[in-house]
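# Structural characterization, general
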Amino acid sequence: MKDTDVKLQVLICTFGKVGIRNIVTADHPHVDGVEYLVSWQLPEGDEPVPEELVNRPDFKVIKSATRGLSRNRNLALQAATAPFCLISDDDVHYTSEKLRLIIDSFEHHPEADIIAFKYASTGDQKWYPDETFSLAKPPKGYFISSIEIAFRRENILATGIHFNERFGIGGEYMAGEEDVFIHDALNHNLHGIFIPEFIATHNHASTGVRHNATPAFIRTKGATFVHTHPHTWPLRMLLHALRHNSPDLSRFQYIKQWLDGATAERKISFNCKHRH
């Protein structure tokens, strides 16, 4: 497939031998105008690309000896060439119809730099609103996931936006990379919308669902909220602490972990501002 024929690239991030086998067995559909760009992290040593992917003209595989999900997302973003990109993981499944829907959505919404969609899952009980809205004004109870995010590549690159590598699996904070990415994009005057259409299935619980009451995840919340709500994070922390109800983590421990993450991120933000 010529690069000029590709309208949408699905940016699949994966890690190690197990990750690449997940992609092989996922049965990704052949779709005109769609290419799958796999960013494969192999920090333990090189491996050959499986023949099943080598033999598919709609697949490209790049390799890296790095670690960290956000680092991997950035590698995929740097290697991408299509007008539209969709963030993906190695355990996400698509249909031809849904991938074409993403392309159509960008063509019908020329004002949108970023479009967030929905995914179906047996592992996450996620609530979505029924109407389109601006990502700058999300309704209460809505939160975004990485595999729902599609964007216009040139507009993202023009602003210098990338995934903050302190956030996400393998980083200092175990999650939050999508919230920080969207926040930074909106701060650079990019326009994002949510469209209530399912585009994929993902039949495993997300990191947030699996770990949402653990100290490491609460610490991540503190860091994420400092970045995305720099003026109101203390009030948000107190409100979340009041609602917190887990036998595994007391309210005092909850606040302590949140403050630990918030303090660490504030220190980094302060140093970055004064360095420039």
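See above for the structure.
Summary of the structure given here. As a convention, each chain's residues are numbered from 1 in the sequence order in which they are written. Since the coordinates come from a predicted model, pLDDT governs what is reported: local features require at least 70, and pairs of side-chain atoms require 80 or more to be given and counted, while whole-chain, interface and lining totals use all residues. Heavy atoms throughout the structure, all of them, feed into the side-chain values; hydrogens and water do not.

## Let's talk about the overall build of the protein chain
Secondary structure assignment for the protein chain yields ten helices and eight strands. Over its C-alpha trace the protein chain gives a radius of gyration of 19 Å, about what one expects of a compact globule, namely 19 Å for 276 residues. Considered along the principal axes of its C-alpha atoms, the protein chain spans approximately 55 × 45 × 45 Å. Evaluated residue by residue, the protein chain yields a buried proportion of 50% over its 276 residues. For the protein chain, the share of sequence-separated contacts (at least 6 apart) that also reach a separation of at least 24 residues comes to 75%. With residues, only the protein chains shown are counted as cover, and all accessible areas are computed by Shrake-Rupley using a 1.4 Å probe. Just so you have it, the protein chain exposes about 13900 Å², and 53% of that area is on carbon and sulfur atoms. The averaged location of the 34 negative side-chain charges in the protein chain is 8 Å from the averaged location of its 30 positive side-chain charges. Strands here are runs of E lasting at least two residues and helices are runs of H or I lasting at least four, both read from the DSSP assignment and numbered beginning at the N terminus. Two things to know: the radius of gyration comes from C-alpha atoms, and the globule rule equals 2.2 Å times the number of residues to the power 0.38. A simple rule labels every residue: compare its accessible area, found with a 1.4 Å probe on the protein chains alone, to the largest value its type can have, and call it buried under 20%, exposed over 50%, or partly exposed in between. In this description, contact between two residues means that some pair of their heavy atoms is separated by no more than 4.5 Å. We score Asp and Glu as negative and Lys and Arg as positive, and we do not count His or the chain ends. In plain terms, the charge of a residue is placed at NZ if it is Lys, CZ if Arg, CG if Asp and CD if Glu.

## Here's the deal with a nonpolar patch on the surface
Where nonpolar side chains cluster on the molecular surface, the patch consists of Leu-235, Leu-239 and Leu-242 and spans about 310 Å² of accessible area. Leu-242 sits in the exposed class, given a relative accessible area of 61%. Residues enter patches when they are more than 30% accessible in relative terms and free of salt bridges; like-charged ones are connected within 9 Å and nonpolar ones (Val, Leu, Ile, Met, Phe, Trp, Tyr) within 5 Å. Every case where a carboxyl oxygen of Asp or Glu lies within 4 Å of a side-chain nitrogen of Lys or Arg is listed as a salt bridge.

## With respect to helix 4 (residues 96–108)
What sets the pattern is the α-helix's 3.6 residues per turn: residues three or four places apart point alike. The end-to-end C-alpha distance of helix 4, which contains 13 residues, comes to 18 Å, matching closely the 18 Å that a straight helix rising 1.5 Å per residue would cover. For helix 4, the complete set of buried residues consists of Leu-99, Leu-101, Ile-102, Ile-103, Ser-105 and Phe-106. Turning to helix 4, the residues buried within the fold contact strand 1 (8–15), strand 2 (34–41), strand 4 (84–89), strand 5 (114–120), strand 7 (149–152) and strand 8 (192–201). For a helix, the expected span equals 1.5 Å multiplied by the residue count minus one.

## What about the pairing of strand 4?
Among the six residues that make up strand 4, six are buried, leaving the element largely enclosed by the rest of the structure. Side-chain alternation along strand 4 places Phe-84, Leu-86 and Ser-88 on one buried face and Cys-85, Ile-87 and Asp-89 on a second face that is also buried. Pairing between two strands requires that DSSP report at least two bridges joining them. Pairing of strand 1 with strand 4 involves six bridges; the strand directions are parallel. By the bridge assignment, Leu-11 is partnered in strand 4 with Ile-87. For strand 4 and strand 7, the ladder comprises three bridges, and the chain directions are antiparallel. Its bridge partner being in strand 7, Leu-86 is matched across the sheet by Ala-150.

## Thoughts on the packing of aromatic side chains
Only centres within 6.5 Å qualify two rings of Phe, Tyr or Trp (six-membered ring in Trp) as a pair; their planes then separate them into stacked at under 30 degrees, edge-to-face at over 60, and tilted for everything else. Under the defined criterion, the tally for this structure stands at twelve aromatic pairs. Ring geometry for Phe-163 against Phe-181: centres 4.3 Å apart, planes inclined by 5 degrees, an arrangement best described as stacked. Of this pair, Phe-163 sits in the loop between helix 5 (153–159) and helix 6 (177–187) while Phe-181 sits in helix 6, placing them 18 residues apart in sequence. There is no split in this pair, since Phe-163 and Phe-181 are both buried. Aromatic ring contacts, followed pair by pair, group Tyr-128, Phe-133, Tyr-142, Phe-194 and Phe-198 into a single cluster. The ring of Phe-143 carries Lys-126 above its face, with NZ or CZ at 4.4 Å from the centroid. Think of it as a cone above the ring: NZ of Lys or CZ of Arg counts as a charge over the ring if it is within 6 Å of the ring centre and within 35 degrees of the ring normal.

## Thoughts on the nonpolar core
Among buried residues, the Ala, Val, Leu, Ile, Met, Phe, Trp, Tyr and Cys ones that are joined through side-chain atoms within 4.5 Å form a nonpolar core. One finds Leu-86, Leu-99, Ile-102, Leu-135 and Phe-151 to be the most contacted residues of the largest nonpolar core, which totals 59 residues. Ignoring any residue separated from it by four or fewer positions in sequence, one finds Ile-102 in contact with Leu-8, Leu-86, Phe-117, Ala-150 and Ile-199. By size, the runner-up hydrophobic cluster in this structure holds ten residues, among which are Phe-225, Leu-249, Trp-258 and Ala-262.

## With respect to the pattern of salt bridges
Two side chains bearing opposite charge may form a pair once their charged atoms approach each other closely. Inspection of the entire model under this criterion finds 13 salt bridges. Taking the shortest distance from any N to any O, the salt bridge between Arg-56 and Asp-58 comes out at 2.6 Å. Each member of the pair, Arg-56 together with Asp-58, is buried. Notably, a salt bridge pairs Glu-172 with Arg-219, separated by 3.5 Å at the nearest N-O pair. Of this pair, Glu-172 sits in the loop between helix 5 and helix 6 while Arg-219 is found in helix 8 (residues 215–228), placing the two residues 47 residues apart along the sequence. Look at Arg-219 and you get buried, because its relative accessible area is 18%. Because the salt bridges share partners, they merge into one network encompassing Glu-172, Arg-219 and Asp-260.

## A look at the environment of Ser-146
Within the secondary structure, Ser-146 is located in the loop between strand 6 (133–134) and strand 7. The class for Ser-146 is buried, based on a relative accessible area of 5%. Placed 30 residues apart in sequence, Ser-146 and Ala-116 show a C-alpha to C-alpha distance of 9.0 Å. In this view, Ser-146 contacts Arg-73, Ile-87, Glu-177 and Glu-178; residues no more than four positions away in its chain are not counted. Counted as a polar contact is a pair of N or O atoms within 3.5 Å, where, for protein atoms, one must be capable of donating a hydrogen and the other of accepting one, and residues adjacent in sequence contribute only when both atoms are in side chains. For Ser-146, the side chain forms a polar contact with the side chain of Glu-178, separated by 3.1 Å.

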